[in-house]
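# Chains, contacts and geometry: an overview
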Amino acid sequence: MLRRSLNIAKQLAMNVRDLDKVLVNQGRLLCATYKDAEFSCLQDAEFQIFSQWGEDGIIQYLTQNIEIEHKTFVEFGVETFREANCRFLMQKDFWSGMVIDGSTKHIAKIKNSNFFWRHDLTAIEAFISRENIAELIDRAPLKGIGILSVDIDGVDYFVLEALGHLKPAIIIVEYNGLFGPTATVSVPYSADFWRTKAHHSNLYYGASIAAFDYLLASRSYKLVGGNMAGNNAFFVREDLLTDKIRPVSVADAFRETSFAEGRRADGTLDFVRGLDRRAAIADLPLYDVNSGETLRVSDLPTA
């Protein structure tokens with residue numbers, strides 16, 4: 001029985017490896033023409049291999065059309081890295097990288113995966129805060145960073161704010177579309193912020209796209225687009241912009257979140273969409289990163 005179980009486990013592992021090969025080769029076919037393509041917006045470049053939405057295609061289009069010195073990435077908030085922004089880049093183009101997650105189980109699963117030993121990947125277990133993120137990244141055996149991907153569903157703005165000394169070619173941030181396209185707001189900073197603990201709805205987290213644009217514009221980064229799902233924005237260092245990779249306005253990059261992720265107090269999905277989702281967190285505070293003022297979710301513009 002034990003031998004049979006081991007054989008089954010081995011076969012499953014081989015199946016996963018073979019599936020990865022199929023997916024990567026499928027991705028190669030999809031992006032084979034990206035070097036010569038010119039899309040009207042980043043959303044036209046989307047396809048999904050290992051990313052949550054269409055980020056794989058967008059990243060391929062960006063990396064094929066701007067000069068990036070360091071073929072390296074840092075991505076945090078990755079869980080098991082099965083679904084992530086930079087995994088396809090690592091497996092297809094053999095970029096080196098570092099991932100950070102706060103779960104012991106998640107990091108153990110990464111280190112036991114087939115892709116971990118096949119690729120130059122560093123995995124660190126840590127609960128990220130603005131106080132520790134710079135030191136954590138300094139642990140990476142990377143000479144520079146090509147892509148920085150920030151997605152911790154929490155105080156993302158303040159963590160990114162603490163990384164002003166880094167100059168990656170591309171910065172990817174997850175924004176909270178519920179906060180709209182104009183307000184420059186974030187949840188207030190707390191070193192132990194945890195999305196579900198902050199509010200059962202799981203809707204109270206992160207920062208608006210305009211807040212990230214406000215921060216990164218001051219560091220010579222330009223917003224070049226967002227994804228169709230309405231949760232990720234892409235910034236490129238100003239000196240790397242090209243005729244194909246051009247700045248866009250926040251209004252053009254922003255999309256209302258397509259998914260209904262709100263939850264009831266018992267943890268079940270409530271499937272509420274649009275601005276109706278604000279009702280659940282209406283009285284919770286937000287910090288305006290531009291003015292320094294505190295307001296409530298209910299104070300946000302409705303258009």
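Residues numbered from 1 in each chain as written. Predicted model: local features only at pLDDT ≥ 70, side-chain atom pairs only at ≥ 80, totals over all residues. Heavy atoms only, no water.

Turning next to the packing of aromatic side chains. Scanning the entire structure with this criterion turns up 14 aromatic pairs. Seen in terms of ring centroids, Tyr34 and Tyr61 are 5.9 Å apart; in terms of plane orientation they differ by 85 degrees. Their pairing is edge-to-face. Note that Tyr34 is positioned in the loop between α1 (2-30) and α2 (55-65) and Tyr61 in helix α2, a separation of 27 residues in sequence. Accessibility expressed as a relative area gives 5% for Tyr34, which makes it buried. Owing to a relative accessible area of 1%, Tyr61 belongs among the buried residues under this scheme. Relative to Phe212, the ring of Tyr157 has its centre 6.3 Å away and its plane inclined at 45 degrees; by these criteria the two rings are tilted. In this pair, Tyr157 sits in helix α7 (residues 156-161) while Phe212 sits in helix α9 (residues 209-217), placing the two residues 55 residues apart along the sequence. (Phe/Tyr/Trp six-rings, centres within 6.5 Å; stacked < 30°, edge-to-face > 60°. Helix = DSSP H or I, 4+ residues; strand = E, 2+ residues; numbered from the N terminus. Buried < 20%, exposed > 50% of the residue type's maximum accessible area, 1.4 Å probe, protein only.)

A word on the environment of Ile59. Positionally, Ile59 belongs in helix α2. Residues Ile59 and Leu89 lie 30 residues apart in sequence; the distance between their C-alpha atoms is 7.9 Å.

Quick look at the confidence of the model for the chain now. Counting all residues, the mean pLDDT for the chain is 91, and 94% of those residues have values of 70 or more. Every residue in residues 1-14 scores below 50 in pLDDT, and together they form 0 contacts with partners more than four places removed in sequence or on other chains. (pLDDT = per-residue confidence, 0-100. Contact = heavy atoms within 4.5 Å.)

When you tally the buried positions in strand β8 (residues 232-237), you get 5 out of 6 residues, the bulk of the element. Where strand β5 (residues 170-174) lies against β8, 5 bridges are found, and the strand directions are antiparallel. Within β8, the residue paired with Ile171 across the bridge is Phe235. Linking two consecutive strands that pair antiparallel, namely strand β7 (residues 221-226) and β8, is a turn of 5 residues; a positive phi of about 80 degrees is found at Gly230 within it. (Pairing = 2+ DSSP bridges.)

What follows deals with the nonpolar core. A general feature of soluble globular proteins is that nonpolar side chains tend to end up buried together. Phe76, Leu160, Phe235 and Leu286 are the most contacted members of the largest nonpolar core, which totals 53 residues. Here the element with the most residues in this core is α9; it accounts for 6 residues. Leaving out residues up to four positions away in the same chain, Phe76 has contacts with Ile100, Ile128, Ile133, Ile137, Leu148, Ser149, Val150, Asp151, Ile152, Val159 and Leu163. Residues Leu42, Val99, Ile170 and Leu240 belong to the second largest nonpolar core, which totals 41 residues. (Core = buried A, V, L, I, M, F, W, Y, C linked by side-chain atoms within 4.5 Å.)

Overall, the coordinates contain 0 disulfides when judged by the stated rule. Counting only cysteine sulfurs, Cys86 is the nearest neighbor of Cys31, a cysteine outside any disulfide, at a range of 15 Å. (Disulfide = S-S within 2.5 Å.)

Okay, the sheet that holds strand β10 (residues 294-296) next. With respect to topology, 3 strands assemble into an open sheet ordered β6-β9-β10, the strand pairing being antiparallel. Only two strands of the sheet have a single partner each, and these edge strands are β6 (185-186) and β10. Judged from the 3 bridges that link them, strand β9 (residues 285-288) and β10 form a sheet pairing that is antiparallel. Looking at β10, one finds that Pro285 is bridged to Arg296.

Here we come to the sheet that holds β5. Reading across the sheet, the 7 strands line up as β3-β2-β1-β4-β5-β8-β7 and stay open at both edges, with mixed pairing between neighbours. Where the open sheet ends on each side, the last strands, each with one partner, are β3 (121-125) and β7. Taking the axes of each pair of neighbouring strands and ignoring which way they run, one obtains an average angle of 15 degrees across the sheet. Docked against the sheet, α2 engages β4 (147-150), β5, β7 and β8, running at close to 10 degrees with respect to β8. The sheet strands contacting helix α4 (residues 104-111) are β2 (96-101) and β3, and the helix crosses β3 at an angle near 160 degrees. (Axes fitted to C-alpha atoms, helices over the stretch in contact; angles between N-to-C directions.)

Next up on the list: α2. Among the 11 residues that make up α2, 11 are buried, leaving the element largely enclosed by the rest of the structure. As for α2, its buried residues are in contact with α3 (87-93), β4, β5, β7 and β8.

Most of β3 is tucked away: 4 of the 5 residues are buried. In terms of strand pairing, β2 meets β3 through 5 bridges, oriented parallel. Residue pairing in the sheet places Met98 in a bridge with Thr122 of β3.

A few words on α9. Listed in full, the buried residues belonging to α9 are Ile209, Ala210, Ala211, Phe212, Leu215 and Leu216. Looking at the packing, one finds that the buried side of α9 touches α7, β5, β6, β7, β8 and α10 (250-253).

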